[in-house]
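Structure at a glance
Here is how the chains run, residue by residue.
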Amino acid sequence: MNNANNPNNPSPPNTPGIPGNSGSVKNQRTTENPGGVSTLAGRLDQSQPYALGLFRIVVGLLFACHGAASLFGVLGGAMGGGTVPAGTWPSWYAAVIQLGAGGLVLFGLGTRSAAFLASGSMAYAYFKVHQPESLFPLQNGGETAALFCWAFALLVFTGPGALALDGLFRGRVGAGATARRTSEEREEQATPVTA
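Cut-offs applied
Residues numbered from 1 in each chain as written. Predicted model: local features only at pLDDT ≥ 70, side-chain atom pairs only at ≥ 80, totals over all residues. Heavy atoms only, no water. Phe/Tyr/Trp six-rings, centres within 6.5 Å; stacked < 30°, edge-to-face > 60°. Patch = residues over 30% accessible without salt bridge, like charges linked within 9 Å, V, L, I, M, F, W, Y side chains within 5 Å. Areas by Shrake-Rupley, 256 points an atom, 1.4 Å probe, with all protein chains shown as cover. Salt bridge = Lys/Arg side-chain N within 4 Å of Asp/Glu carboxyl O. Helix = DSSP H or I, 4+ residues; strand = E, 2+ residues; numbered from the N terminus. Axes fitted to C-alpha atoms, helices over the stretch in contact; angles between N-to-C directions. Parallel < 35°, antiparallel > 145°, perpendicular 65-115°, else oblique. Left-handed = near helix turned anticlockwise from the far one by under 90°. Contact = heavy atoms within 4.5 Å. Nonpolar A, V, L, I, M, F, W, Y, C, P; charged D, E, K, R; others polar.

**Thoughts on the packing of aromatic side chains**
A complete count under the given rule lists seven aromatic pairs for this structure. Taken together, W89, W92, Y93 and Y124 form an aromatic cluster joined through their ring pairs.

In structure tokens, the structure reads:
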């Protein structure tokens, strides 16, 4: 009997996208792409954690360099050369946040918390220092503050990606918890249950 005339099967035969039909999209994908990663999109998806990790490293390094320049006078120093006097508000505190949070983000230690702090400090810098000058970042010189703010906000939501030291510590904690759990399971299996 023809599937199209069968009242129990309302879908026509070999309809793409309908599970169970030989012409379904799923079956076409598996026969055309058996490895599942030969497409460009598949390769890009696989490398996403590494691209995110490199993004984190570059943003953290650039941010830490701003702090080091302001605090220690390296890399050309603070604006106009030299250093920011210790304890001056908000410049010195911003430089400490830049160096500390930038270093943590660079190495991937407490990335989300450090990125949250860095993003907030750049939002403060933009709205307190740059925004009163003019409306748009191009006019008020706040492009760097705006870009850092949004880059760190992105890292708050995405996490550190690959190549982060957080992953090493998470792996050790996870491995220790797994080893502890399996030894407890062995003990439970060895102990006879009495009723």
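**A word on a nonpolar patch on the surface**
A cluster of nonpolar residues, F107, L165, L168 and F169, forms a patch on the protein surface that exposes about 390 Å² of accessible area. Element by element, the count of residues in the nonpolar patch is highest for helix α7 (residues 165-190), at three residues. For L168, the location among the structural elements is in helix α7.

**Regarding the packing of helix α4 (residues 111-130) against helix α6 (residues 143-158)**
Where α4 contacts α6, the two axes come as close as 8 Å, and the packing angle between them is 155°. Relative to α6, α4 is oriented roughly antiparallel. Regarding α4 and α6, the two cross each other, and that crossing is left-handed. On α6, the residues that touch R112, A115, F116, A118, S119, M122, A123, Y126 and H130 of α4 are A145, F148, C149, F152, A153, L155, V156, F157 and T158. Taken together, the residues that form the contact of α4 with α6 break down as 14 nonpolar, three polar and one charged.

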